[in-house]
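Overview (structure and organization)
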Amino acid sequence: GGVFLGLFNSTEDPETKTDRILEKDYYLVDEINKRYFSINSLKNFASKFKVLLLDSEGTTHKDNAKGVKNLIRFVGRK
């Protein structure tokens, strides 16, 4: 009955357009391997949860300064 909240890197992030692709949805960014999700891939990843919120409107302070909204927000109930 727990709740899972998450903020995930989006495949729409500009970083995915400029950095090295390791494999589908995995990129090398500043020497760090990073995983990115689309709305659909996150639905599959979290298929055992009842989805309460799933969108690509998430931001960070850095994103807000640039006017960018592209992190995927997820709230689900087990």
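Heads up: the structure comes first, above all this text.
Please read these numbers as outputs of a predicted model, since none were measured by experiment. (Residues numbered from 1 in each chain as written. Predicted model: local features only at pLDDT ≥ 70, side-chain atom pairs only at ≥ 80, totals over all residues. Heavy atoms only, no water.)

Within this structure, the stated rule accounts for four salt bridges. The closest approach of N and O atoms between R35 and D25, which form a salt bridge, is 3.7 Å. Of the two residues, R35 sits in strand β4 (residues 32–35) while D25 sits in the loop between β2 (20–23) and β3 (26–29), which places them ten residues apart along the sequence. On the basis of relative accessible area, R35 is assigned to the partly exposed category, the value being 26%. Here R73 and D55 are joined by a salt bridge, their closest N and O atoms 2.6 Å apart. Residue R73 is found in strand β6 (residues 71–77), and its partner D55 is found in strand β5 (residues 50–58); the two are separated by 18 residues along the sequence. Among the charged side chains, a salt-bridge network with shared partners connects K24, D25 and R35. (Salt bridge = Lys/Arg side-chain N within 4 Å of Asp/Glu carboxyl O. Helix = DSSP H or I, 4+ residues; strand = E, 2+ residues; numbered from the N terminus. Buried < 20%, exposed > 50% of the residue type's maximum accessible area, 1.4 Å probe, protein only.)

Our focus in this paragraph is the sheet that holds β6. Strand order in the open sheet formed by three strands is β1-β6-β5, with antiparallel pairing between adjacent strands. Only two strands of the sheet have a single neighbouring strand rather than two, namely β1 (3–8) and β5. Direction aside, the axes of adjacent strands within the sheet are offset by 10° on average. By the bridge criterion, six bridges tie β5 to β6 in an arrangement that is antiparallel. Counterpart to L54 in the pairing with β6 is F74. (Pairing = 2+ DSSP bridges. Axes fitted to C-alpha atoms, helices over the stretch in contact; angles between N-to-C directions.)

Attention shifts here to the packing of aromatic side chains. For the structure on display, the rule yields seven aromatic pairs. Residues F4 and F74 carry aromatic rings whose centres are separated by 5.9 Å and whose planes lie at 50° to one another, so their mutual orientation is tilted. Remark: F74 occurs in strand β6 and F4 occurs in strand β1; sequence separation between them is 70 residues. Residue classification places F4 among the partly exposed residues on the basis of a relative accessible area of 34%. Measuring from ring centre to ring centre gives 5.3 Å for Y27 and Y36, while their planes differ by 90°; the resulting arrangement is edge-to-face. Residue classification places Y27 among the buried positions, given a relative accessible area of 10%. Feature note: the residues F4, F8, F37, F45, F49 and F74 constitute an aromatic cluster, connected by ring pairs. Of note, R35 hangs over the ring of F37, and the distance from its end group to the ring centre comes to 4.0 Å. (Phe/Tyr/Trp six-rings, centres within 6.5 Å; stacked < 30°, edge-to-face > 60°. Lys NZ or Arg CZ within 6 Å of the ring centre and 35° of its normal.)

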